[in-house]
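Secondary and tertiary structure notes
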Amino acid sequence: MRDPAGSASCHVDHKADGLAEIRFEGDWRIHADLPSFADLVRRIESLRPAAGITFDSRELKAWDSGFLTFLRKLMVHCQSKQIAVQVEGLPEGARRLLQLATAVPERQGARREARRTGWLARLGGSTIAYIAATKDMLAFLGEVVTALGRLVTGRARFPYRDFGVLVQDCGARALPIVSLISVLVGLILAFVGAVQLQMFGAQIYVANLVGLGMAREMGAMMAAVIMAGRTGAAFAAQLGTMQVNEEIDALATLGISPIEFLVLPRMLALVLMMPLLCLYANLMGIAGGFIVGVGMLDLPFKQYLVQTQNAVALNHFMVGLVKSAIFGVIVALAGCLRGMQSGRSATAVGGAATSAVVTGIIYIVVADAIITVICDILGV
Amino acid sequence: MEEKQPHIVVEDLTMAYGDFVIQQDLNFCINRGDIFIIMGGSGCGKSTLLRILVGLKAPSRGRVFFDAIDFWGASEMEREDLMHRMGILYQSGALWSSMTLAENVALPLREYTRLNDAQIREVVALKLALVGLAGFEDYYPSEISGGMRKRAGLARAMALDPEILYFDEPSAGLDPISAKRLDDLILEIRDSMGATIVVVTHELASIFAIGNNAVFLDTASKTMIASGDPRQMASSSPDEGVQRFLTRGDTFTV
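Residues numbered from 1 in each chain as written. Chains lettered and ligands numbered in written order. Predicted model: local features only at pLDDT ≥ 70, side-chain atom pairs only at ≥ 80, totals over all residues. Heavy atoms only, no water.

**Let's talk about the overall build of chain A**
Regarding its fold elements, chain A presents 12 helices and four strands. The C-alpha radius of gyration of chain A comes to 36 Å, more than 25% above the 21 Å expected for a compact globule of 380 residues. For chain A, the C-alpha atoms occupy an extent of roughly 110 × 55 × 45 Å along the three principal directions. Total accessible area on chain A is roughly 20,200 Å²; 64% of this is exposed by carbon and sulfur atoms. One way to put it: in chain A the 33 positive side-chain charges average out to a point 5 Å from where the 28 negative ones average out. (Helix = DSSP H or I, 4+ residues; strand = E, 2+ residues; numbered from the N terminus. Rg over C-alpha atoms; globule rule 2.2 N^0.38 Å. Areas by Shrake-Rupley, 256 points an atom, 1.4 Å probe, with all protein chains shown as cover. Lys, Arg positive; Asp, Glu negative; His and termini not counted. Charge placed at Lys NZ, Arg CZ, Asp CG, Glu CD.)

So, in structure tokens, the structure goes:
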């Protein structure tokens, strides 16, 4: 423990020849109660020391930054009042530190003024930023497509070994969480449907509801949302950290396109795995509905199965699979784009991961709405 | 010269990661007001020794005393109290990137002193002025250069007026002039604040410019093979490895 703080005091004495002497006494450390600066200033002003100020610190027991900040304020005050200060009476260390603090003058223009902007300027600023962000996004998309072209024609540098690991991470490792969420979504759909359909004695149509709901919408959607949170965020954090460590610059200086080397494998892995995950989610969701149908509504096992088979034709599954592939592209692009755009700090990487998930989910829902409308028009 | 008071005493220290021993049988003493250099080749355990001294990693065996208090044998509370009396400048500053320089320096003050906001602002301005960064209060670490980041890290390390200041590779990544300026600053801080300073480095220029006491850790024998004043070490160490290190291998001509 530090010694408990003693008390600090300072006295101003009038000396001959218009000099004032400030006497520091006691413990002037930062956790002590230091005398008021305003009082000292008042006493100095009442004396009007024409010839200046001297110091006496023989009774000063201990000092640290508390003493120094006090002295600095005093110096600034004396300078503004044009009172001469003779620092010889201060402890040597304090004198040297004060000198050190003024050794490097404040750089002109370094200090920042708080600027206030009107709402119109802010609106304009964010509109311009939005346009720039959209351009960046399109440019990124363009780069990815040209890189894909190079890959197809065999001219891209593609890290096949990393690709295997990524496929495993986007596929097999996601199965437990996809299972849990899909079964629960199936259960929920069946419950909501059962309450309504039971009123008409049409419980059996729970099988249709769950089967169609999972195959066309919820399987793809839930798998995509899970992957946006799980894998999209991971992509953004990985690429963002690589940005911090200058790993991406290192690739670029070697002439290896970061898009080919980092973004393409992630996107392809996710696009390949997403339909499989979606199919698996469909199965799990239907199983969840089955639990409610057979366990709670007492529908016969066989009947539920046949009803599901009749209700959900292959084209319904196809709609879900196509959607999931598109969602895969969206999640991977959002993750990689935010990762590549990340700044070089811990906060920026965190922001990139958050923004990857938010961007991913927004575009998933928007894309889902568009595809659903198209399917309706085409009559699929 | 006044009589030397031991400040940090290391006794019979062994450090290891699991079964892998990095250094063993370390015995040395750092006096109050010393600028003590921990040197050695890459991978010899300099940084691990620093982690033990600052309380980030427990030693496998042996003891570290601060003012006769057994650092690793003390209770967690006592150890924390001791840790508040140390300041550490990490290799690349380790400033918190989400905070401005002023907020970085203010955080230890806010946590461990009872100062009000205005007083904290004054202390922060003083510390930043001491390291030559007056006026840079509202900058984020990402907006300033590496050398400035290091000096800002030093301002933060000095926030609580530490008795012991640790520097991990202070001149790494700095140009010779900035490195020299940082060395001068270290000397100035030692002389005016009376702090004990421990520096991990392998920059020869710094070692000779600021160090008055040192320990040399050897990778092959996994222990210290020399200690004392680095200038004497260079001229009269019986060990060839130490000689070669301190003269950049110039005495070892074929």
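**Focus on empty space enclosed by the protein**
Residue and element names in this part refer to chain B. Here the structure, examined in full by the defined rule, presents one cavity of 30 Å³ or more. Here the largest cavity is characterised by a volume of approximately 40 Å³. Lining the largest cavity, in full, are His7, Phe66, Asp67, Leu82, Arg85, Met86, Glu163 and Ile164. Taken together, the residues of the lining of the largest cavity sort by class into four nonpolar, one polar and three charged. (1 Å grid on protein atoms, 1.4 Å probe; cavity = no way out; pocket = protein on both sides within 12 Å on 5 of 7 lines; lining within 4 Å. Points joined across faces, edges and corners; volume = space filled by probe spheres on them. Nonpolar A, V, L, I, M, F, W, Y, C, P; charged D, E, K, R; others polar.)

**So, the nonpolar core**
Counting 82 residues, the largest nonpolar core has Ile22 and Phe24 of chain A together with Met39, Leu154 and Leu246 of chain B as the members making the most contacts within it. Looking at this core element by element, the count peaks at seven residues for helix H4 (residues 117-130) of chain B. In contact with Leu246 of chain B, other than residues within four places in its own chain, are Met39, Leu204, Ile207, Phe208, Pro230, Met233 and Ala234 of chain B. (Core = buried A, V, L, I, M, F, W, Y, C linked by side-chain atoms within 4.5 Å. Buried < 20%, exposed > 50% of the residue type's maximum accessible area, 1.4 Å probe, protein only. Contact = heavy atoms within 4.5 Å.)

**Quick word on the environment of Phe28 of chain B**
All names here are of chain B. Along the chain, Phe28 turns up in strand E2 (residues 20-31). Classification of Phe28 as buried rests on a relative accessible area of 7%. The sequence separation of Phe28 and Val10 amounts to 18 residues, and the corresponding C-alpha distance is 5.3 Å.

**As for the pattern of salt bridges**
For the structure shown, the criterion picks out 28 salt bridges over all chains. In this structure, the salt-bridge partner of Arg58 of chain A is Asp56 of chain A, at a minimum N-O distance of 2.9 Å. (Salt bridge = Lys/Arg side-chain N within 4 Å of Asp/Glu carboxyl O.)

**A look at the sheet that holds strand E3 (residues 52-63) of chain A**
To summarise the sheet geometry, strands pair through backbone hydrogen bonds and adopt either a parallel or an antiparallel arrangement. All names here are of chain A. Sheet architecture is open: four strands sit in the order E1-E2-E3-E4, paired in mixed fashion. In this open sheet, the two edge strands, each paired with only one partner strand, are strand E1 (8-14) and strand E4 (85-86). Relative to E4, E3 runs parallel, the two being bridged by two bridges. In the sheet register, Ile53 faces E4, and the bridge partner there is Val85. Of the strands in this sheet, E1, strand E2 (19-28) and E3 touch helix H1 (residues 37-47), which is tilted by about 5 degrees from E1. (Pairing = 2+ DSSP bridges. Axes fitted to C-alpha atoms, helices over the stretch in contact; angles between N-to-C directions.)

**Side note on the interface of chain B and chain A**
Each side of the interface is counted separately: chain B has 31 residues, and chain A has 26 residues. At the boundary of chain B with chain A, total buried surface from both sides reaches about 2,600 Å², with 56% on carbon and sulfur atoms. In this structure, the connection of chain B to chain A is made through three salt bridges. At the surface where chain B touches chain A, the tally comes to five residue pairs in polar contact (both at pLDDT 80 or more). When residues of the side of chain B that touches chain A are traced back to their parent elements, those giving at least two are helix H2 (76-84), H4 and helix H6 (176-193) of chain B. For the side of chain B that touches chain A, the element with the highest residue contribution is H4 of chain B, accounting for seven residues. For the side of chain B that touches chain A, a count of residues per class yields 13 nonpolar, seven polar and 11 charged. (Buried area = accessible area lost by both parts, 1.4 Å probe. Polar contact = N/O pair within 3.5 Å; in protein donor to acceptor, adjacent residues only side chain to side chain.)

**Let's talk about the environment of Val200 of chain B**
All names here are of chain B. Its place among the elements puts Val200 in strand E8 (residues 196-200). Separated by 106 residues in the primary sequence, Val200 and Ala94 have C-alpha atoms spaced 16 Å apart. Residues contacting Val200, with those up to four places away along its chain left out, are Ile38, Lys46, Leu50, Phe167, Asp168, Glu169 and Pro170.

**Details of the sheet that holds E8 of chain B**
Residue and element names in this part refer to chain B. On the basis of which strands lie adjacent, the open sheet formed by six strands has the order E6-E7-E8-E3-E9-E10 and mixed pairing. Both outer strands of the open sheet, strand E6 (86-89) and strand E10 (223-228), are each paired with one neighbouring strand and no more. Averaged over all adjacent pairs, the angle separating strand axes in this sheet is 15 degrees, with direction ignored. Strands in contact with helix H5 (residues 146-157) are E6 and strand E7 (164-168); relative to E6, the strand with the most contacts, it is inclined by about 170 degrees.

**Points about the confidence of the model for chain B**
All names here are of chain B. Of the residues in chain B, 97% have a pLDDT of 70 or more, and the chain-wide mean is 86. Highest mean pLDDT in chain B belongs to E8 (92); lowest belongs to helix H9 (residues 240-246) (80). Our summary of model confidence lists the complex with pTM equal to 0.74 and ipTM equal to 0.76. (pLDDT = per-residue confidence, 0-100.)

**Comments concerning the pairing of E10 of chain B**
Residue and element names in this part refer to chain B. As defined by bridge partners, strand E9 (residues 213-218) adjoins E10 across five bridges and the pair is classed as antiparallel. Residue Ala214 lies in a different strand from E10, and its bridge partner there is Gly228. Counting the residues between successive antiparallel strands, the hairpin from E9 to E10 contains four residues, one of them, Lys222, with a positive phi of roughly 55 degrees.

**With respect to the pairing of E1 of chain A**
All names here are of chain A. Where E1 lies against E2, seven bridges are found, and the strand directions are antiparallel. Opposite Asp13, over in E2, you have Glu21 as the bridge partner. The loop that links E1 with its antiparallel partner E2 comprises four residues; one of these, Asp17, has a positive phi angle of about 60 degrees.

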